[in-house]
Amino acid sequence: MPHEDYLNARYGIRSWLLTTDHKRIALLWLGSVTVFFFIGGLFATMIRIHLLTPTGYLVTPETYNKLFTMHGVAMIFFFLIPSIPAVLGNFLIPLMIGAKDLAFPKLNLLSWYIYMIGGCFVLYSFATGGLDTGWTFYTPLSSIYSNSAVTPAVIGIFINGFSSILTGLNFIVTIHTMRAPGMTWFRLPLFVWAHYATSMIMILGTPVIAITLLLVGLERMFHLGFFNPALGGDPILFQHLFWFYSHPAVYIMILPAMGVISEIIPTFARKPIFGYSFIAGSSIAIAVIGFLVWAHHMFVTGESVYAALTFSFLSYLVAIPSAVKVFNWTSTLYKGSISWDTPMIYAFGFIGLFLIGGLTGLFLACLGLDIHIHDTYFVVAHFHYIMVGGAVMGYVGGLHFWWPKITGRLYPEALARTAAITLFVGFNLTFFPQFILGYLGMPRRYHTYPPEFQVLNVLSTAGASILALGYLLPMLYLTWSMRYGKVAGQNPWPATGLEWKTDSPPPTENFDVTPEVTWEPYDFKNRPDLGLAAGAPSLAPAHGDD
Amino acid sequence: MHRTGELYGQFETLEQQKETAALGMWVFLVTEVLFFGGMFLTYTINRRAFGTAFGICSNTLDIKLGAGNTVVLILSSLTMAMAVWSAQVGKKKLASIFLIATLGLGTVFLGVKAIEYKQKFDHHLIPGRSFDMKYHPAHPMPGDDLEELDKEKQEVDKAFAVDPDINAHGQLYFSLYFGMTGLHALHMIIGAGLLLWLIKASFAGRFTPQYNTPVEVVGLYWHFVDIVWIYLFPLLYLIDRHR
């Protein structure tokens, strides 16, 4: 272990709570998002237990509404959206581009504090009556009729939005102005491209939901009428404004995970990624086209058939860059030297589950089909395949991949592989039955269901218990490894990024000497410093075959 | 406050630091466009739906005060630009003077806004239970031009004939009026705070031709706030002024 690194450079709680070191801030985020993951998971557990029986015995219908609402709010706004960018992005982006820190370190810390304040408002809302409007806050339920603690919740999410905006701003400016000499745009790791695209969405989309929720809060407090038909307002206006952010928001959740996969696959196939510029470009394409599809959440609101056709077409279009990524990742594997380390298991899991989730999105984008499956468990299964099977697996896989860099320790590999498989099995058992349930007509957000759906619901709940185990295990052994894990060394995998050319854990200033980059990304062939054996299988030239 | 011209730890050169700060402010201003944009969209949709109400409500705003405020704000952008230039050429005293002028003009703007808001309150035009478009024409206030008021009464009655729900739709207009100008005023107050900070630093002689980034960056912010008002003024005050 290096003598002085960012973890032991200074001691005491003030050195953590007042740090401006992006690596320490990332760990602050790790703690907070994990807490919210638990909170969201608690609500999910209660939902799944309640749904073990057709008439439900755990909670009242009103409470059930609160459970799925609070599950959504906690998971989406306070876990998924920050997770990879705030934990892995914060930690890695300066290292990956050869900088000493982000462009605005103090704003970075402020971003975490803003998140914590927003989180407090939302937790206050949860504790004082909860929230029953759905995470989607449709009006006029949220703006007029709901008797739950809507106002503190929208204030909390509003505040949290600024956290997102500041992080996105920091990343964009950093990537533009802080790259080390020789680190040109097309030598950037794809993780960085993914976060650039994510940051574009954060800064363009988040202000819109901020103003929208502000208007809902103002309508609740001062009886303004934008969404109130009695005053001439329009509830559908809310839906347009809401989804204008919330659709791109799902790309905020998945793009960073795709960035993680783009780092893991070349490393454990020991091959340059196939189609680097296409993967980079597809991230930007997803960000741009993602802003044009929002009304596919509103096909049954009575929008005009021409609008519906347009949004349906655009939704099919946005699948194309995602497919490009999946094809390129798969092509990277061809003739690679595959090793089955834990991050690779998560990456494979991601590709398969994201494929299913993405394709079922196309089912939903099909107008005729959506009439049948809108607001059913089919939708629930679709987005959980992408958000959990995709984004969360990307997050956990990324945590494993960079754990040696972050902590200087290796996690126990056998146990980790077991946990990854457990997670995969548990996940599929939880959510695949939900596709069937939805297709058979079980509505979402209902506290009861017809008795013939019970078997599938029980399977789903059983799966959830295995999924929970799959999450619990890494929390335990990763924590254990911080003290008792094997010392990792600078580049245990080995991988090609700049972050692996400094100590594990890195010193506070990241690099003793500012690096000068003269090599292409993922170029395993021309990197003798990686110490790869001379008899390695034939490697494609850098940049693959693009 | 950082010492003049000192390099922050994460940067390699002062040039990089300056570039980064400016880019950071530009990106932030983009988010502000989207932030105000939500309300501009709401305005557009509601004005299209309730043109009569929006027209008649717009006429209750005092165009002299509004136009005056617009001139004040544009002037303040001029003094701000002059402050940036002064700092860049090393005229420290002039920079301080221009910054104070900008703050002064901004304060005038906010004062006029306060007067306008009070007027709305007196005329029962705050959205809520007491909102009533017919109140002011029926209850002249000291200082009102009775002839003008009579014309207004006739127009209000005509509007009610076209749209019997004027009081409901009028509340939408005024919600947007207070929402948009209120948000704008909040940004001006923040800008005033930033100017106070700049004035303090300028008096301490901190800004030189080598280091004047804070002035430039606050200048960008101030110009943005000005541009928002330039959109707000015609959209709120000038909807139906030809009579």
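Criteria and thresholds
Residues numbered from 1 in each chain as written. Chains lettered and ligands numbered in written order. Predicted model: local features only at pLDDT ≥ 70, side-chain atom pairs only at ≥ 80, totals over all residues. Contact = placed C-beta atoms within 7 Å. Helix = DSSP H or I, 4+ residues; strand = E, 2+ residues; numbered from the N terminus. Nonpolar A, V, L, I, M, F, W, Y, C, P; charged D, E, K, R; others polar. pLDDT = per-residue confidence, 0-100. Buried ≥ 20, exposed ≤ 12 C-beta atoms within 10 Å, placed from the backbone. Axes fitted to C-alpha atoms, helices over the stretch in contact; angles between N-to-C directions. Parallel < 35°, antiparallel > 145°, perpendicular 65-115°, else oblique. Left-handed = near helix turned anticlockwise from the far one by under 90°.

Peer 1: So what exactly am I meant to see when it comes to the interface of chain B and chain A here?
Peer 2: For interface size, the figure often reported is the accessible area lost on association. On the side of chain A, 31 residues touch chain B, which itself brings 28 residues to the contact. Elements supplying a minimum of two residues to the side of chain B that touches chain A: α1 (14–49) and α7 (166–203) of chain B. If you tally residues by element for the side of chain B that touches chain A, the top one is α1 of chain B, at 16 residues. Considering only residue class, the side of chain B that touches chain A consists of 12 nonpolar, 13 polar and 3 charged.

Peer 1: Help me understand the confidence of the model for chain A in this model?
Peer 2: Interpretation of the predicted coordinates at a detailed level should be avoided for regions scoring low in pLDDT. Averaged over all residues, the pLDDT of chain A equals 94, while 97% of them reach at least 70. Residue range residues 535–546 of chain A is modelled with pLDDT below 50. Its contacts to residues more than four positions away, or to other chains, number 29 contacts.

Peer 1: Got a minute to help me understand helix α2 (residues 51–58) of chain B in this structure?
Peer 2: It helps to recall that an α-helix has 3.6 residues per turn; residues three or four apart then point in one direction. Residues of α2 of chain B that are buried: Ala53, Phe54, Ile56, Cys57 and Ser58 of chain B. Against α1, α6 (146–162), α7 and α8 (213–237) of chain B lie the buried residues of α2 of chain B.

Peer 1: Looking at this model, I keep getting lost on the packing of helix α8 (residues 235–269) of chain A against helix α9 (residues 276–290) of chain A. Mind explaining?
Peer 2: What describes two packed helices is the angle between their axes and the distance between those same axes. Residues and elements named next belong to chain A. Between α8 and α9, the least distance of the axes is 9 Å, while the angle of their chain directions is 170°. Taken together, the axis directions place α8 and α9 in an arrangement best described as roughly antiparallel. Between α8, through His247, Pro248, Tyr251, Leu255 and Ser262, and α9, the contact on the second element is made entirely by Ile279, Ser283, Ile286, Ala287 and Gly290. Of the residues contributing to the contact of α8 with α9, the split by class is 6 nonpolar, 4 polar and no charged.

Peer 1: Even after reading the chapter, I still don't get the packing of helix α13 (residues 377–407) of chain A against helix α14 (residues 413–440) of chain A, so can you show me in this structure?
Peer 2: Residue and element names in this part refer to chain A. Contact pair α13 / α14: the axes reach a minimum separation of 7 Å and the direction vectors enclose 170°. Considering their axes alone, α13 and α14 lie roughly antiparallel with respect to each other. Considering how the two elements wind past one another, α13 and α14 form a crossing that is left-handed. Of the residues in α14, those in contact with Tyr377, Phe378, Val379, Val380, Ala381, His384, Tyr385, Val388, Gly389 and His400 of α13 are Ala416, Phe427, Phe431, Gln434, Phe435, Leu437, Gly438 and Tyr439.

Peer 1: Would you explain the environment of Trp329 of chain A in this entry?
Peer 2: All names here are of chain A. Tracing the sequence through the fold places Trp329 in helix α10 (residues 305–333). For the pair Trp329 and Ile273, spaced 56 residues apart in sequence, the C-alpha separation works out to 7.1 Å. Contact partners of Trp329, with chain neighbours within four places excluded, come to Ile261, Ile265 and Ile351.

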